[in-house]
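So you can see what is in the structure, the chains are spelled out below.
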Amino acid sequence: MQSDTANTHHFKRLLSYIKPYKAAFIASIIAMIGYAGVDSLFIYSIKPLIDEGLTNKNPEVLTYAPLFVLAAFVVRGICNFVSTYCLAWVGSNVVMTMRQALFEHMIKMPVPYFDNQTTGQLISKITYDTEQVANAASKTLIIIVKEGAFVIGMLALMFYQSWQLSAIFLVIGPIIGVVVSFVSKRFRKISRQIQNAMGTITTSAEQMLNGHKVVLTFGGQKLEAERFYKVNNQTRRQNMKMVAASAISVPVIQIIASFALATVLLVASMDSMLETLTPGTFTIVITSMIMLLRPLKQLTSVNSQFQKGMAASASIFSVLDEEIEKDTGEKTVDRVSGDIKIEGLTFTYQGKEAPALKELDLHVEPGKTVALVGRSGSGKSTITSLLTRFYDYENGSIRVDGIELHDFTLANLRSHFAIVSQHVTLFDDTIANNIAYACDESVTREQIIEAAKSAHVIEFTDQMPDGLDTQVGENGVMLSGGQRQRIAIARALLRNAPILILDEATSALDTESERHIQGALEELQKNRTCLVIAHRLSTIENADKIVVLDGGEIKEQGTHTELLSKDGAYAQLHKLQFGD
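Conventions used here
- Residues numbered from 1 in each chain as written.
- Predicted model: local features only at pLDDT ≥ 70, side-chain atom pairs only at ≥ 80, totals over all residues.
- Heavy atoms only, no water.
- Helix = DSSP H or I, 4+ residues; strand = E, 2+ residues; numbered from the N terminus.
- Buried < 20%, exposed > 50% of the residue type's maximum accessible area, 1.4 Å probe, protein only.
- Contact = heavy atoms within 4.5 Å.
- Areas by Shrake-Rupley, 256 points an atom, 1.4 Å probe, with all protein chains shown as cover.
- Pairing = 2+ DSSP bridges.
- Phe/Tyr/Trp six-rings, centres within 6.5 Å; stacked < 30°, edge-to-face > 60°.
- Arc of directions from axis to C-beta.
- Core = buried A, V, L, I, M, F, W, Y, C linked by side-chain atoms within 4.5 Å.
- Axes fitted to C-alpha atoms, helices over the stretch in contact; angles between N-to-C directions.

Asker: How do you make sense of the overall build of the protein when you look at a structure like this?
Answerer: In terms of regular secondary structure, the protein is built from 22 helices and ten strands. When each of the 580 residues of the protein is scored for burial, the buried share is 45%. Within the protein, contacts between residues separated by at least 24 positions form 79% of all contacts whose residues are at least 6 apart in sequence. Put simply, the protein shows about 30000 Å² of open surface, and 58% of that area lies on carbon and sulfur atoms.

Okay, here's the thing in structure tokens:
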């Protein structure tokens, strides 16, 4: 019962997306009813054709019959075109709207949500699930309305001609309803399983494509093929369950209908009925019953597609109902000086027991460079993620220029930060557009070129036929690691934010590339508050302050010289790297 209620709710919610296009939707419904009405009228015309035209030899009926047939099929064709085109237009717009809403909602989701989701599952919702809704919103609705109207027309015609013969449908109607209800629940359950399986297929394919070089290097082709076969076969099995349920339900309903037809023939053969039935009436009733078998079959078959659409819409709505990033702040500042003060900060990741940070106190003065060092998992990246509010903290406080982070609007807070990390994300666009990513129209070509020069990007783009207008491919696949890193630095330079976060910005580079980029980074760090995360201690020796983290706590802090003289945790790290 709860599932049926939820399904009804999702159907109503899906219909709300049709409101902006209701004129075309209503036109399609009217055209579908007209289509079914023409078919019903055509069958109704059999009675006068037999009783008057053939039995009573009325030439007038036989003369107008061809004209009626031509007119009926012209009207029928017009209705079919209007209903099909209008509903397809409405369906495509609804799906586009839902897909756009889903995409925009995902953009606004907090980072922790994506920590608990696979990329494949989310991509499947945007592609596969919305496509299932498209089928439910157009193809299946056409059949449901058109064939449903035809069934109603046939039943009305039968009861009008002979309610005695047609009364059998009052008995089989509820039986068919029970069968359809049972099959619908089965379809919905299988549809949800198919959606999960499709998400797994997308995830498996994405992992193979992203890690193709690793697969080839380690000879993992067979392993990946076997892994994909399992999820692929699982999807096939779920689809076959859907086919089996549909294949069983169609003949069951037709067999039930055949009992009704046999009963009608039996009743019609009785003497009392033979006296009142004309050949035309008998023909209409029998023809109507036979004609009902086709729409009943189609309505049962299309039920699987409709339930797929409902399950898909439920999957989409579950994402749309997820809470987006909390943005309760109201303060906006044109440009902060970069004074960062962290006090009593304790933070634990969702699903983890041990805190990533424990009672942390840290002060970064404006325009100073502070380096965070420590082994993996010590809390370095957590601090930067909290500064940009990718994760929300509850215990402790972080202030920028004396203002609590939660008091800033999210957009304004993040506008004060520029991030350069070892994992550079580039979009399938030109180098120039990647440098100017998300900048407003006030950014000129000259400013982009200036940033490219400062970051030593021009040095390699001058060797390319299209220069800064060279397409980088998916995530910069056409570029080397050093080239991608320089583009990221140019992007940060163009942003001109007062606070800079360098997260292992040179760790993946060779010595020559690092030498080029180090100069670009020094240019980038001028007159900015900088937080540098580094494993390579040689890159942070000139930092104003070095903070050593371990287990989410600050073990020691000071300049490079001060920390070496203490012979503590930093000195030990230094000895490990340099063999002192």
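Asker: Before we go on, may I ask you to explain the pairing of strand β8 (residues 529-533) in this structure?
Answerer: Each regular strand displays side chains that alternate between the two surfaces of the sheet. Counting buried positions along β8 gives five out of five residues, so the element sits mostly inside the fold. Residues of β8 alternate between two faces, with T529, L531 and I533 on one and C530 and V532 on the opposite face, all of them buried. Two strands pair when backbone bridges link them, and strand β3 (residues 369-373) and β8 are joined in this way by four bridges, in the parallel orientation. From the neighbouring strand, V370 faces β8, where its bridge partner is L531.

Asker: What exactly am I supposed to notice about the environment of K566 here?
Answerer: For K566, the position within the fold is in helix α21 (residues 560-566). Separated by ten residues in sequence, K566 and E556 place their C-alpha atoms 9.4 Å apart. Setting aside its immediate chain neighbours within four residues, K566 contacts E556 and Q557.

Asker: Could you clarify how one ought to interpret the packing of aromatic side chains in this entry?
Answerer: Centre-to-centre distance and the angle between the planes together describe a pair of aromatic rings. Enumeration according to the criterion identifies eight aromatic pairs in this entry. Taking 4.9 Å as the distance between ring centres and 80° as the angle between the ring planes, the aromatic pair formed by F347 and Y349 counts as edge-to-face. F347 gets classed as buried once you look at its relative accessible area, which sits at 7%. Relative accessible area serves as the criterion here: at 25%, Y349 is assigned to the partly exposed category. Considering the side-chain rings of Y349 and Y391, the 5.2 Å spacing of their centres and the 90° angle between planes classify their relative orientation as edge-to-face. Residue Y349 is found in the loop between β1 (340-347) and β2 (357-364), and its partner Y391 is found in the loop between α14 (380-387) and β4 (395-400); the two are separated by 42 residues along the sequence.

Asker: Help me understand helix α22 (residues 569-578), please; the structure alone is not making it clear to me.
Answerer: Taken together, the buried positions of α22 are Y570, A571 and H574. All buried residues of α22 fall inside an arc of 100° around its axis, so they share one side. Residues of α22 that are buried sit in contact with β3, β9 (545-550), β10 (553-558) and α21.

Asker: I tried to follow the pairing of β3 on my own but got confused; where do I start?
Answerer: The element β3 is extensively covered by neighbouring structure, given that five of its five residues are classed as buried. Of the two faces of β3, the one carrying T369, A371 and V373 and the one carrying V370 and L372 are both buried. Two elements, β3 and β9, share four bridges in a ladder whose sense is parallel. By the bridge assignment for β9, V370 is matched with K545.

Asker: Would you mind showing me how to read the nonpolar core here?
Answerer: Burial of nonpolar side chains together is a common tendency in soluble globular proteins. V420, I431, I435, V457, L524 and I540 are the most contacted members of the largest nonpolar core, which totals 45 residues. Counting residues per element, this core draws most heavily on helix α19 (residues 481-495), at seven residues. Setting aside residues no more than four positions away along its own chain, I431 makes contact with V457, F460, T461, M464, G467, L468, T470, V472 and I487. Y21, L87, M106 and L320 belong to the second-largest nonpolar core, a separate cluster that totals 31 residues.

Asker: Please clarify how the sheet that holds β9 should be interpreted in this entry.
Answerer: Within a sheet, adjacent strands bond to each other through the backbone by hydrogen bonds, running parallel or antiparallel. The sheet built from six strands is open, its strands ordered β6-β7-β8-β3-β9-β10 with mixed pairing. In this open sheet, the two edge strands, each paired with only one partner strand, are β6 (417-421) and β10. On average, each strand axis in the sheet is tilted by 20° relative to the strand beside it, whichever way the strands run. With five bridges joining them, β6 and strand β7 (residues 499-503) adopt parallel strand pairing.

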